[in-house]
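Each chain is listed here by its residues.
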Amino acid sequence: MPTQNRVPPGQRLTDRFPVLHYGQVPRFDPATWTLRVFGLVEHERVFRYEEFTALPTTRIVADIHCVTGWSKLDTVWEGVLFRDLAALVVPKPEARYVMFHCEYGFTANLPLDVVMDDDVLLAWKYDDKPLTPEHGFPLRAVVPKRYFWKSAKWVRGVEFMAQDRLGFWEQYGYNNSADPWKEERYA
Ligand SMILES: Nc1nc2c(c(=O)[nH]1)N[C@H]1C(S)=C(S)[C@@H](COP(=O)(O)O)O[C@H]1N2
Ligand SMILES: [Mo]
């Protein structure tokens, strides 16, 4: 696709892939790693890594936008569509928000309707190769329609909630909605 009209206000394009996060890159131990899906769902689940990566996958091509000002077009991700995961656990009617829980206590919150979009993944591949540790291996969220801080790396839990709660960067003053096209950078 042409790059025209694909760069939100205040953003500039990069071909690099910057690494940004608070704290350390966690180590991955496949023997002990689990993904816990819990909260307001009919069927809580705990997946081991081989179980999760055996689920049907979706590959998306998406533009990503970091609040620090860089945007990257046509990034390629593969993993489980959030919608497919939700179909397995069946959110209760009162579930309206989700929280991604990550290594070292990092969190990111989103409305359920945002993560049910057809481009939201829990991904373990970038550019058709396994994610690198600093980009979130073994598992990260990819939420292209929101600033990239909502795309939580090293996800270990997905919580379905009735009420919204602020995640890590949201508590530090980032905008809770985080739509790059509306330049919702800070609260
Ligand atoms: N677990 C975790 N995920 C995180 C962060 C973090 O500090 N911890 N930072 C977020 C921020 S601010 C950004 S911009 C993106 C950067 O992802 P990248 O390093 O793959 O470019 O990760 C997001 N996911
Ligand atoms: Mo960020």
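Quick caveat: nothing in here was measured; it's all calculated off a predicted structure.

Caption draft 1: Focus on the overall build of the chain. What the chain contains, in helices and strands, is four helices and eleven strands. For 187 residues, the compact-globule formula gives about 16 Å, and the C-alpha radius of gyration of the chain, at 16 Å, lands near that figure. Taken over the C-alpha atoms alone, the chain extends approximately 45 × 35 × 30 Å along its principal axes. Counting the 187 residues in the chain, one finds 51% classified as buried. In the chain, the proportion of contacts linking residues at least 24 apart, taken out of those at least 6 apart, comes to 68%. Total accessible area computed for the chain in this model is approximately 9,300 Å², and 51% of it derives from carbon and sulfur atoms.

Caption draft 2: Summary view of the site of ligand 1. The full set close to ligand 1 counts 19 residues, and P18, Y22, H135, R140 and K153 are the nearest of them. In the environment of ligand 1, an oxygen atom lies 2.9 Å from a nitrogen or oxygen atom belonging to the backbone of L20. Between ligand 1 and the protein, one listed contact pairs a nitrogen atom with a backbone N or O atom of S151 at 3.2 Å. When ligand 1 is considered free in solution it has 530 Å² of accessible area, and contact with the protein chains removes 98% of it. Cavity membership is defined here by more than half of the atoms lying within 2 Å of grid points; on that basis ligand 1 lies in the largest pocket. Partitioning the shell around ligand 1 into residue classes produces 14 nonpolar, three polar and two charged.

Caption draft 3: Seen up close, the packing of aromatic side chains. Across all of its chains, the model carries 24 aromatic pairs by this definition. A ring pair is formed by W169 and Y174, whose centres lie 5.2 Å apart and whose planes are at 35°; its orientation type is tilted. Taking relative accessible area as the criterion, W169 reaches 23% and is therefore assigned partly exposed. Exposure remark for Y174: the relative accessible area of 17% places this residue in the buried category. An aromatic cluster of at least three residues, connected via ring pairs, comprises Y22, F106, Y147, W149, F168, W169, Y172, Y174 and Y186. For the cation-ring pair, R36 lies above F38, with the distance from its terminal atom to the ring centre recorded as 3.8 Å.

Caption draft 4: Just empty space enclosed by the protein, in detail. The final tally for this structure, using the stated rule, is one cavity of 30 Å³ or more. In this model, the largest cavity occupies a volume close to 30 Å³. As for the largest cavity, its lining consists of P26, R27, F28, W33, E103, F137, P138, W154 and R156.

Definitions and cut-offs
- Residues numbered from 1 in each chain as written.
- Chains lettered and ligands numbered in written order.
- Predicted model: local features only at pLDDT ≥ 70, side-chain atom pairs only at ≥ 80, totals over all residues.
- Heavy atoms only, no water.
- Helix = DSSP H or I, 4+ residues; strand = E, 2+ residues; numbered from the N terminus.
- Rg over C-alpha atoms; globule rule 2.2 N^0.38 Å.
- Buried < 20%, exposed > 50% of the residue type's maximum accessible area, 1.4 Å probe, protein only.
- Contact = heavy atoms within 4.5 Å.
- Areas by Shrake-Rupley, 256 points an atom, 1.4 Å probe, with all protein chains shown as cover.
- Near = heavy atom within 4 Å.
- Polar contact = N/O pair within 3.5 Å; in protein donor to acceptor, adjacent residues only side chain to side chain.
- 1 Å grid on protein atoms, 1.4 Å probe; cavity = no way out; pocket = protein on both sides within 12 Å on 5 of 7 lines; lining within 4 Å.
- Sits in = over half its atoms within 2 Å of the grid points.
- Nonpolar A, V, L, I, M, F, W, Y, C, P; charged D, E, K, R; others polar.
- Phe/Tyr/Trp six-rings, centres within 6.5 Å; stacked < 30°, edge-to-face > 60°.
- Lys NZ or Arg CZ within 6 Å of the ring centre and 35° of its normal.
- Points joined across faces, edges and corners; volume = space filled by probe spheres on them.

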